[in-house]
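Architecture and fold: a report
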Amino acid sequence: MELIGQIDTASNAAYVGTIDGTAVIYKPIAGERPLWDFPDGTLAEREVAAYLVSQSFGWNIVPRTWLGEGPAGLGMLQLWQEVDTEQQPVDLVAADEVPSEGWRHVFDGTDEHDHPVALIHEDSGQLRRMTVYDIVVNNADRKGGHILPLPDGHRHGIDHGLTFHSEHKLRTVLWGFVGDELTTDELEGVERVRTDLDGRLGATLADLITTDEIVALTKRCERLLSRARFPAPRGQMPAVPWPIF
């Protein structure tokens, strides 16, 4: 690997590099900062586990991700994605300028000048799928900036180190679908994951996350299949990550 630069805005050490001319993100385990609610040195494995669950869904949410060696030791590697900066799947707009169609309202607030604003996100099948995915993997960090708009209209999700906790940790900006019924396609995606957990997926995840976390993952799939609706926020933790972008 040849390192090109460092991503200064990342919470943990993150670099851009190339492997045989292919651009990748590299997050070494040695550069992970301790967290109060997640075990130390596990974020890279969780990112790989998140990719494997994405593959089971079959929706191409997470770019190809794997564990590999780099200049700072073992870490997470992920294919770099070129985004279209003109597209904004998640946005903050003036409270009186929320579009009437094509968007979902999440919550209202005020900006740094005390002007009323609203957090909104696309009303799209791609973000519905990403929301289902986040519920299943218990994503505690779905910021707006963790949704990558590709030029062809596809949306990738990135930064999945804070996933798979056995306790409820769901924090996301994608609350606009609360109460909606899941579609047949969405339910079939969850069913694929649930089935795969009894086979190869479950066996592979056992090397990346704990048994308790796999049990909790299985229960989340079963609960979502049973209720067949997008859940509302619950618990004492904040429902959205901070910062939201």
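Residues numbered from 1 in each chain as written. Predicted model: local features only at pLDDT ≥ 70, side-chain atom pairs only at ≥ 80, totals over all residues. Heavy atoms only, no water.

Here 3 strands make up an open sheet; going across it, the order is 6-8-7 and the pairing antiparallel. The open sheet has two edge strands with one neighbour each: strand 6 (90–94) and strand 7 (103–110). Strand after strand, the sheet turns through a mean of 30° between neighbouring axes, direction not considered. (Pairing = 2+ DSSP bridges. Helix = DSSP H or I, 4+ residues; strand = E, 2+ residues; numbered from the N terminus. Axes fitted to C-alpha atoms, helices over the stretch in contact; angles between N-to-C directions.)

Attention shifts here to a positive patch on the surface. Judged by side-chain charge, Lys219, Arg223, Arg227 and Arg234 come together as a positively charged surface patch. For Arg234, a relative accessible area of 47% puts it in the partly exposed group. (Patch = residues over 30% accessible without salt bridge, like charges linked within 9 Å, V, L, I, M, F, W, Y side chains within 5 Å. Areas by Shrake-Rupley, 256 points an atom, 1.4 Å probe, with all protein chains shown as cover. Salt bridge = Lys/Arg side-chain N within 4 Å of Asp/Glu carboxyl O. Lys, Arg positive; Asp, Glu negative; His and termini not counted. Charge placed at Lys NZ, Arg CZ, Asp CG, Glu CD. Buried < 20%, exposed > 50% of the residue type's maximum accessible area, 1.4 Å probe, protein only.)

In a regular helix each residue adds 1.5 Å, so 14 residues correspond to 20 Å; helix 3 (residues 184–197) covers 20 Å between its end C-alpha atoms and thus fits that length. For helix 3, the full list of buried residues reads Glu186, Gly189, Val190, Val193, Arg194 and Leu197. Here the buried residues of helix 3 occupy an arc of 135° about the axis, which is enough to place them on one side. Where helix 3 is buried, its residues meet helix 1 (43–57), helix 2 (125–137), helix 4 (200–205) and helix 5 (211–227). (Expected span 1.5 Å × (residues − 1). Arc of directions from axis to C-beta. Contact = heavy atoms within 4.5 Å.)

Take the pairing of strand 4 (residues 65–70) next. With 6 bridges joining them, strand 4 and strand 5 (residues 73–79) adopt antiparallel strand pairing. Directly across from Gly68, in strand 5, lies its bridge partner Gly75. Counting the residues that bridge the hairpin from strand 4 to strand 5 gives 2 residues.

Glancing now at the packing of helix 1 against helix 3. It is at 8 Å that the axes of helix 1 and helix 3 come closest, and there the two elements cross at 120°. Put simply, helix 1 runs oblique to helix 3. Judged by the sense of rotation from one axis to the other, the crossing of helix 1 with helix 3 is right-handed. Mapping the contact onto sequence places Val53, Ser56 and Phe57 in helix 1 and Gly189, Val190, Arg192, Val193 and Asp196 in helix 3. (Parallel < 35°, antiparallel > 145°, perpendicular 65-115°, else oblique. Left-handed = near helix turned anticlockwise from the far one by under 90°.)

What follows covers the environment of Lys169. Turning to its location among the elements, Lys169 is positioned in the loop between strand 10 (155–157) and helix 3. Judged by its relative accessible area of 4%, Lys169 falls in the buried class. Separated by 106 residues in the primary sequence, Lys169 and Pro63 place their C-alpha atoms 23 Å from one another. Of the polar contacts made by the side chain of Lys169, one reaches the side chain of Asp37; its length is 3.4 Å. (Polar contact = N/O pair within 3.5 Å; in protein donor to acceptor, adjacent residues only side chain to side chain.)

Within this structure, the stated rule accounts for 4 aromatic pairs. Where Phe57 meets Tyr133, the ring centres are 5.9 Å apart and the plane angle is 65°; that geometry is what we call edge-to-face. A residue pair is termed long-range when its members are at least 10 positions apart, and Phe57 in helix 1 and Tyr133 in helix 2 qualify at 76 residues. The buried category is assigned to Phe57, whose relative accessible area is 0%. Since its relative accessible area comes to 0%, Tyr133 is described here as buried. Members of the aromatic cluster, connected to one another through ring pairs, are Phe57, Trp59 and Tyr133. One residue, Arg64, lies across the ring of Trp66, its end atom 4.7 Å from the ring centre. A cation sits over an aromatic face here: Arg128 above Phe177, 5.7 Å from the ring centre. (Phe/Tyr/Trp six-rings, centres within 6.5 Å; stacked < 30°, edge-to-face > 60°. Lys NZ or Arg CZ within 6 Å of the ring centre and 35° of its normal.)

Take it as geometry only, folks, not as evidence of what the structure does.
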